[in-house]
Amino acid sequence: MLSKGLKRKREEEEEKEHLAVDAWWLDPGHASVAQAPPAVASSSLFDLSVLKLHHSLQQSEPDLRHLVLVVNTLRRIQASMAPAAALPPVPSPPAAPSVADNLLASSDAALSASMASLLEDLSHIEGLSQAPQPLADEGPPGRSIGGAAPSLGALDLLGPATGCLLDDGLEGLFEDIDTSMYDNELWAPASEGLKPGPEDGPGKEEAPELDEAELDYLMDVLVGTQALERPPGPGR
Amino acid sequence: MYSKLHENNLNFPFTGGGNDIQWCFSQVKGAVDDDVAEADIISTVEFNHSGELLATGDKGGRVVIFQQEQENKIQSHSRGEYNVYSTFQSHEPEFDYLKSLEIEEKINKIRWLPQKNAAQFLLSTNDKTIKLWKISERDKRPEGYNLKEEDGRYRDPTTVTTLRVPVFRPMDLMVEASPRRIFANAHTYHINSISINSDYETYLSADDLRINLWHLEITDRSFNIVDIKPANMEELTEVITAAEFHPNSCNTFVYSSSKGTIRLCDMRASALCDRHSKLFEEPEDPSNRSFFSEIISSISDVKFSHSGRYMMTRDYLSVKIWDLNMENRPVETYQVHEYLRSKLCSLYENDCIFDKFECCWNGSDSVVMTGSYNNFFRMFDRNTKRDITLEASRENNKPRTVLKPRKVCASGKRKKDEISVDSLDFNKKILHTAWHPKENIIAVATTNNLYIFQDKVN
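Residues numbered from 1 in each chain as written. Chains lettered and ligands numbered in written order. Predicted model: local features only at pLDDT ≥ 70, side-chain atom pairs only at ≥ 80, totals over all residues. Heavy atoms only, no water.

## Considering the nonpolar core
This is how it is decided: Here, nonpolar core refers to any group of buried Ala, Val, Leu, Ile, Met, Phe, Trp, Tyr and Cys residues whose side-chain atoms link them within 4.5 Å. Exposed residues in this analysis have more than 50% of their type's maximum accessible area, buried residues have under 20%, and partly exposed residues fall in between, with area computed by a 1.4 Å probe over protein chains only. Only DSSP runs of H or I with at least four residues qualify as helices, and only runs of E with at least two residues qualify as strands; both kinds are numbered from the N terminus onward. In this analysis, two residues are considered to be in contact whenever any of their non-hydrogen atoms come within 4.5 Å of each other.
Counting 43 residues, the largest nonpolar core has Tyr316, Leu340, Leu347, Tyr348, Ile353 and Leu424 of chain B as the members making the most contacts within it. Put simply, the parts of the chain that give this core at least two residues each are helix H3 (41–58) and helix H4 (64–81) of chain A together with helix H1 (293–297) and helix H2 (344–349) of chain B. Leaving out residues up to four positions away in the same chain, Tyr348 of chain B has contacts with Leu45, Leu48, Ser49, Lys52, Val70 and Thr73 of chain A together with Phe292, Ile295, Ile353 and Phe354 of chain B. Ranked by size, the runner-up nonpolar core spans 17 residues in total, among them Ile21, Leu403, Trp435 and Ile442 of chain B.

## Some details on H4 of chain A
All names here are of chain A. We apply this condition: Each helix should span, by expectation, one fewer than its residue count multiplied by 1.5 Å. Think of a polar contact as two N or O atoms within 3.5 Å of one another; within protein, one of them needs to be a possible hydrogen donor and the other a possible acceptor, and neighboring residues in sequence only count if both atoms come from side chains.
Between its terminal C-alpha atoms H4 stretches 25 Å, which fits the 26 Å expected from 18 residues at 1.5 Å a residue. With 16 of 18 residues buried, H4 is to be regarded as a mostly interior element. Near the N-terminus of H4, the side chain that reaches the backbone nitrogen of Arg65, with its oxygen 3.1 Å away, is that of Asp63.

## Remarks on the environment of Ile107 of chain B
Residue and element names in this part refer to chain B. When you line up the elements, Ile107 lands in the loop between strand E7 (101–103) and strand E8 (109–112). Given a relative accessible area of 0%, Ile107 falls into the buried group. C-alpha of Ile107 to C-alpha of Thr125: the two residues are 18 residues apart in sequence and 5.6 Å apart in space. Sequence-distant contacts of Ile107, that is, excluding residues within four places in its chain, are made with Ser43, Thr44, Gly57, Asp58, Gly61, Arg62, Ser90, His91, Ser124 and Thr125.

## Focus: the sheet that holds strand E13 (residues 202–206) of chain B
Residue and element names in this part refer to chain B. Spelled out, the test is: We treat two strands as partners when DSSP finds at least two bridges between them. Between N-to-C directions, angles span 0 to 180 degrees; the directions come from axes that are lines fitted to C-alpha atoms, helices contributing only their stretch in contact.
Spatially, four strands are ordered E12-E13-E14-E15 in an open sheet, and the strand pairing comes out antiparallel. Of all strands in the sheet, those with a lone pairing partner are strand E12 (193–196) and strand E15 (218–227), marking the two edges. Averaged over all adjacent pairs, the angle separating strand axes in this sheet is 25°, with direction ignored. In terms of strand pairing, E12 meets E13 through four bridges, oriented antiparallel. Each residue of the ladder has a partner; that of Ile194, found in E13, is Ser205.

What is shown is where atoms sit, not what they do.
Right, here's the structure in full:
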């Protein structure tokens, strides 16, 4: 269970490392850095990107270019937000597995899995057979953690930061995420395509609150203390 | 150090050097009011091979073709005006029942075929279906039928006592557009490009992940020549953004990607051109790196020069000219609106950073043009290295009024007549521009208006 201690450390580190995080991508000597948005924009940029991603995925037929560019940008932002210790100070992906990687792997897979499964659906539309996925294409109440790590390494969107925000910020984190995509009916075996549909889920446009049971469940999923298997629906 | 060779200069009035063009307003087409109807948004502009015809496509699936008047040029003060020649509904909205998706009727691209007979042919495409349209003129009609009255009613056969041969009589010109071929069901993803091969028999169509080769006569079959779809969609990191056939080599084409790369492929090498013959990519400037580096490197348009020696690419902030013989960097780079580099975060927020600007060459490949925001468009003279910013606005709409160059003030004190970056209207974007293949006539599309500018004729 991630403790408050870890969270405090993260905060301190965040303050100290902001400049370093910026330096990751920007040469401090360059004029554009002087005008660069304040370091705290990194996390708002992250939120913005997650919002864009959700909005993109909510389209009945997402603009693939927009989606791919937002995802790639989100990866960059996420990589820069990870604790500096876990990542080498060169602008290249860390080669060696580390504690951070494990955290990344076991972090909230719900969002990334939803995205992954939606991208999966894009290919299923064609009727092409796919290699069987360890993950079912349902929302959080069926997530297999073991399967998440290898296939989603590239797509994990919420890093250790999520775990650190567990105590206070989980609801805030999910506040602006439309959880209608987590509705089971959306991922019923009979459904095809990635139409979320305005009729699915409560209040698409407003920010739905997670109820306690869902919150508990998500927390369990995040810390990897529970791994539920749910067999994939037919045709997947 | 790369030294630029002079390519063949066709005999155009504007060859660069000291004779700078003076651009004048000529015409504007479209609704006057600011309330833009969604269907009227112009989505593509294209001159035909002679320049006599100018086609536009819009979000409502309509194609409007303008024809240049063949005026007596000694008498006139300007080149012929463009007037509406034909209007037709090319694509209708469709509903894909299997996937529960609506398919937009917006015309993404129009490409003209070279004229072989009296009729004109063009390809138009929306996200999923390409259509070959025949545009033909009818200025005569047969009169004097034996069994029919002039209004079409049948005559009582008993009243027919003589036999006559119907003759053709002149009539008011009628321009008819008819769909001759429909190329459907070959694209799972959204079509972004079509390009006609120099053999004039085949053409390619490209979507986000695949490129297909068609024969113009055959609609029930197409060949897949590029497929970048990963086995596992979760691994998708790059999409195809544009594709074009080489103007002279019928076996060569290029396609650009969202990561800023251009791949040149030779269809003789293999049936599936997944392995490129050449890969054009400029290494990232480390001093300019940011979270948005990839987005702004995404190529929105690629166009070969008429000569076929060069190709031009448009990314968010610049236009680059590539020599096909040099893959590691472009030979020329022109900054379109560098002042936006410090605003990328806001432009990401309002999604403007994803806008796809097109670019075009003039007939002699000496000048390139592209659009920007605030209804500005830019031209770069490759010979003189001079550039100019002009505005498409109804304020300058007196014919033969020379357009005043515009300047954006990036920072610091704003001079008179300059516009500050913060006053730019990012809703007024010029994404589509076209240059007459032979003359200095340009067509510039704002959101719902088409502007035609010409160089000043003395």
